[in-house]
Amino acid sequence: MPIYAPTLPPRPSIKPDKSPILVMARFDIVRIFRLKMGRFFGYVYFCVLLVKLVIIYVNYLLNTNPQLGQLKNFADQVMPQPAIFQASLLDSSMLFFLWLQVALVNGALISRDTLYRIRPLVYSHPVSQKDYLSSKALIAFGIPFCVQLPFILLPWLISILVAGSSGPVWVTAPLLLIPAAILNSTIMGSITLGASSLAGSPKASLGWIIGLLLMSSALGGILSGVFENFAWMAISPIALTESWSKILCGVEKTAIPFLPTAIATGIHVCLWLYIAKRRTLPSEAVI
Amino acid sequence: MISFHNLEVRYGATVALSGLNLSLEEGIIGLLGPNGSGKSTLIKTLMGLLKPYRGSGSVLGTPLEDDASFSLRSSIGYMPEYDALIEDVSAYEQVAFWGELSGLNREQARDRSHEVLFFAGIDEARYRNVSGYSTGMRQRVKLAQAIVHSPKLVFLDEPTNGLDPMGRRKMLELVKKVRDELGASVILASHLLEDVDRVSDQLLILDKGEVKAHGSMSSLRQVLSRCFELRFLEPLTPEQEARIAEIGTLRDNMNGMYDVELKEADAGIPFKWAESIGVVLVQVTPRHDRLDEILIRAISRPLN
């Protein structure tokens, strides 16, 4: 280990060669990777993904092995058909855990800085509010997207490998589901960023996000029942994220219609990003 | 180094700083004022977080009004009053992070993090998460992050908060070393007047958003140099105490002595007055103005 003199060496030259967005995002990512809860979600996602891959392989066996003919008739009744199965790659079971994960991880992105009063210190460096929010958004949008990506690409690759283009999952899966994953990530990222900016601590942020999701789902359910129109469920961000994959895969009968979904998505994203912007103004950084 | 011309800063309709006209030279500047006097607003304005509503100002030659004040921040260091430390990260990692954010490249920031932490007295502990640090260590990490990029101007907000006497002394020595070795100017905001008195070259006193006093410590002391400590052979009678109004105001300092503020700065006056009323004056000591007196008087009436 080097031994340093108790006086400071000469002033280093300052030539900024890296965007502060990347510096802050990398620092936050390193911190997130150290969190132990990542292991829990890793195991859960692995199990959910494994089930989906097993379904593909079983489908393949049923379609190619004549000895399983009787079993195939039975399986056709209980196992989903291709379009539905494709949409189900981003289904509610997986999205439930994803919402829980983003509530825990993204929820702490801004609220932790508020709790420890890091933001004034950030703004005392050559960092603008745009840089600060962009670095947080990179993580808030990036984490859910990166988690969804294997759920789209791995089943697609396996279906191509074992069953060719006539397999249970359409060859167009990435083209249809990656936009859905982007939209889901945008909804999740903006809501968790906005809620995180409202909260004074990561725990409070988790409360905000869970409360918002439950209240909006309950309200959507009540309004859907009162007006007998399922489109009111678009109020709920959970319902929105479940809808996009179904809409894009053409399973519209079970989803909220396209227009209410698009409008509600736009409103949620704009509203929560506006809240995050208002709550992180440099002039309001308490010093 | 810092100059303001009729600077006014507002929060909506509330005027936080009004009509600031002053010029501050390099060195350690003590920033004093009661709560709500505008100290934090001034620091925020100097860091470019708040834009002036009216008037103009410049820091290190950069005008505060333009967007150029943004790049000024790479020449400024800031040590906040409160615990602005990232608990689950080691001191070394977070000081390197703040260095990178100031514009150092990754290698420079890492090297510099070791250097400034060692300079601040954090040795092997720099690899531990700061959550286990004592108050003194936390203060030193905060100082290290403020100087990691070798700024030309450093804002230190209550750097000796929560420190024991030894810790305070060490911190003040570090503050002086920042000026002497790093060549940086320091703006030191503190409620511990003794600390400000010990290290400051200049003083800036704010109250209600206005400058109440500024200048070198010695010049401010001269303005108030009409005070003496008097010791009489016997305690004064109430009648004799009442006659002090002839030369100034008197206050029993509860130490067998009297503090007197004369109308004129002339040490011969107490002797003549004692002779005139027939008391024996055994000691006249020119009293060194304490900083709390400068502060209280400056707030009650402007000195310059």
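Residues numbered from 1 in each chain as written. Chains lettered and ligands numbered in written order. Predicted model: local features only at pLDDT ≥ 70, side-chain atom pairs only at ≥ 80, totals over all residues.

Draft legend 1. Fine view of the overall build of chain B. Counting secondary structure elements, chain B contains 11 helices and 14 strands. In chain B, which comprises 304 residues, the share counted as buried stands at 43%. For chain B, the proportion of contacts with a sequence separation of at least 24, taken over those separated by at least 6, is 67%. (Helix = DSSP H or I, 4+ residues; strand = E, 2+ residues; numbered from the N terminus. Buried ≥ 20, exposed ≤ 12 C-beta atoms within 10 Å, placed from the backbone. Contact = placed C-beta atoms within 7 Å.)

Draft legend 2. Here's a closer look at the domain arrangement of chain B. Partitioning chain B into domains gives domain 1 (2-221) and domain 2 (225-288). Taken over C-alpha atoms, the centre of domain 1 of chain B sits 43 Å from the centre of domain 2 of chain B. (Domains from an automatic or database assignment.)

Draft legend 3. A look at the packing of helix 9 (residues 173-198) of chain A against helix 10 (residues 202-227) of chain A. Residue and element names in this part refer to chain A. Between helix 9 and helix 10, whose axes approach to 8 Å, the crossing angle comes to 130°. Here helix 10 runs oblique to helix 9, going by the angle between their axes. Relative to helix 10, the crossing made by helix 9 is right-handed. Of the residues in helix 10, those in contact with Ile 191, Thr 192, Ala 195, Ser 196 and Leu 198 of helix 9 are Ser 205, Trp 208, Ile 209 and Leu 212. (Axes fitted to C-alpha atoms, helices over the stretch in contact; angles between N-to-C directions. Parallel < 35°, antiparallel > 145°, perpendicular 65-115°, else oblique. Left-handed = near helix turned anticlockwise from the far one by under 90°.)

Draft legend 4. Quick look at the sheet that holds strand 1 (residues 2-11) of chain B. All names here are of chain B. One open sheet accounts for 4 strands, arranged 2-1-4-5; its pairing is antiparallel. In this open sheet, the two edge strands, each paired with only one partner strand, are strand 2 (14-24) and strand 5 (62-63). Of the strand pairs in this sheet, strand 4 (residues 54-59) and strand 5 are connected by 2 bridges, and their pairing is antiparallel. When the sheet's bridge partners are listed, Ser 58 is paired in strand 5 with Pro 63. (Pairing = 2+ DSSP bridges.)

Draft legend 5. Structural detail: the pairing of strand 2 of chain B. All names here are of chain B. As judged from the 7 bridges shared by strand 1 and strand 2, these two strands associate in the antiparallel manner. Paired with Phe 4 across the strands is Leu 22, a residue of strand 2. The turn linking strand 1 back onto strand 2 is made up of 2 residues, and Gly 12 within it adopts a positive phi angle of 65°.

Draft legend 6. Structural context of the sheet that holds strand 14 (residues 281-286) of chain B. Residue and element names in this part refer to chain B. Pairing in this open sheet of 4 strands is antiparallel, and the strands run 12-13-11-14 from one edge to the other. The sheet is open, and its two edges are formed by strand 12 (248-252) and strand 14, each paired on a single side. Ignoring which end each strand starts from, the neighbouring axes of this sheet average 25° apart. Note that strand 12 and strand 13 (residues 258-262) share 5 bridges and pair antiparallel. Note that in strand 13 the partner of Thr 249 across the bridge is Glu 261. Docked against the sheet, helix 10 (residues 269-277) engages strand 11 (227-232), strand 13 and strand 14, running at close to 155° with respect to strand 14.

Draft legend 7. A look at unusual backbone geometry. Residue and element names in this part refer to chain B. At Asn 6, a residue that is not glycine, the phi angle is positive and equals roughly 50°. Within the secondary structure layout, Asn 6 lies in strand 1. Of note, Leu 60 is a non-glycine position whose phi angle comes to about 50°, a positive value. As for its placement among the helices and strands, Leu 60 is situated in the loop between strand 4 and strand 5.

Draft legend 8. Layout of the environment of Pro 260 of chain A. Residue and element names in this part refer to chain A. Mapping Pro 260 onto the fold places it in helix 12 (residues 258-278). Classification of Pro 260 by C-beta neighbours within 10 Å gives partly exposed; the count is 19. Pro 260 sits 30 residues away from Phe 230 along the chain, and the two C-alpha atoms are 9.9 Å apart. Once you skip the residues sitting within four places of it in the chain, Pro 260 turns out to touch Ala 231 and Ala 234.

Draft legend 9. Molecular detail of the interface of chain A and chain B. Between chain A and chain B, the residue contacts involve 29 residues of the former and 40 residues of the latter. Elements that contribute at least two residues to the side of chain A that touches chain B include exactly helix 1 (20-33) and helix 7 (119-123) of chain A. Broken down by element, the side of chain A that touches chain B gets its largest block of residues, 4 residues, from helix 1 of chain A.

Draft legend 10. Representation of the confidence of the model for chain A. Looking at chain A as a whole, its pLDDT mean stands at 84, while 87% of the residues score no less than 70. Within chain A, the element-level pLDDT minimum falls on helix 3 (residues 69-78) of chain A, averaging 60, and the maximum on helix 12 of chain A, averaging 95. (pLDDT = per-residue confidence, 0-100.)

Draft legend 11. Examining the packing of helix 10 of chain A against helix 11 (residues 237-249) of chain A more closely. Residues and elements named next belong to chain A. Viewed as axis vectors pointing N to C, helix 10 and helix 11 meet at an angle of 75°, and their least axial separation amounts to 7 Å. It follows that helix 10 is roughly perpendicular to helix 11 by the angle criterion. When helix 10 is examined against helix 11, the residues Leu 213, Ser 216, Ser 217 and Gly 220 are found in contact with a partner set consisting of Pro 237, Ile 238 and Ala 239. A class-by-class count of the residues in the contact of helix 10 with helix 11 yields 4 nonpolar, 3 polar and no charged. (Nonpolar A, V, L, I, M, F, W, Y, C, P; charged D, E, K, R; others polar.)

Draft legend 12. Layout of the environment of Leu 220 of chain B. Residue and element names in this part refer to chain B. Structurally, the position occupied by Leu 220 is in helix 8 (residues 217-223). Judged by C-beta crowding, with 22 C-beta atoms within 10 Å, Leu 220 ranks as buried. In sequence terms Leu 220 and Ile 294 are 74 residues apart; their C-alpha atoms lie 7.5 Å from each other.

Draft legend 13. Focus on the confidence of the model for chain B. Residue and element names in this part refer to chain B. Counting all residues, the mean pLDDT for chain B is 85, and 94% of those residues have values of 70 or more. Of all secondary-structure elements in chain B, the lowest mean pLDDT belongs to helix 8, at 69, while helix 3 (residues 91-101) reaches the highest, 94. In the model output, the complex is listed with pTM 0.80 alongside ipTM 0.80.

Draft legend 14. How the structure looks around the pairing of strand 8 (residues 185-189) of chain B. Residue and element names in this part refer to chain B. Among the 5 residues of strand 8, 5 are classified as buried, and the element is accordingly described as predominantly covered. Two elements, strand 3 (residues 28-32) and strand 8, share 4 bridges in a ladder whose sense is parallel. Directly across from Ile 28, in strand 8, lies its bridge partner Val 186. Sheet topology places strand 7 (residues 153-157) next to strand 8; 5 bridges connect them, and they run parallel.

Draft legend 15. Spotlight on the nonpolar core. All names here are of chain B. In this structure, Val 95, Ala 144, Val 175, Val 186 and Leu 188 are the most contacted members of the largest nonpolar core, which totals 88 residues. Per-element accounting of this core gives the leading share, 7 residues, to helix 3. Other than its neighbours up to four places away in sequence, Val 186 contacts Ile 28, Ile 29, Val 154, Leu 156, Val 175, Val 178 and Arg 179. (Core = buried A, V, L, I, M, F, W, Y, C linked by C-beta atoms within 7 Å.)

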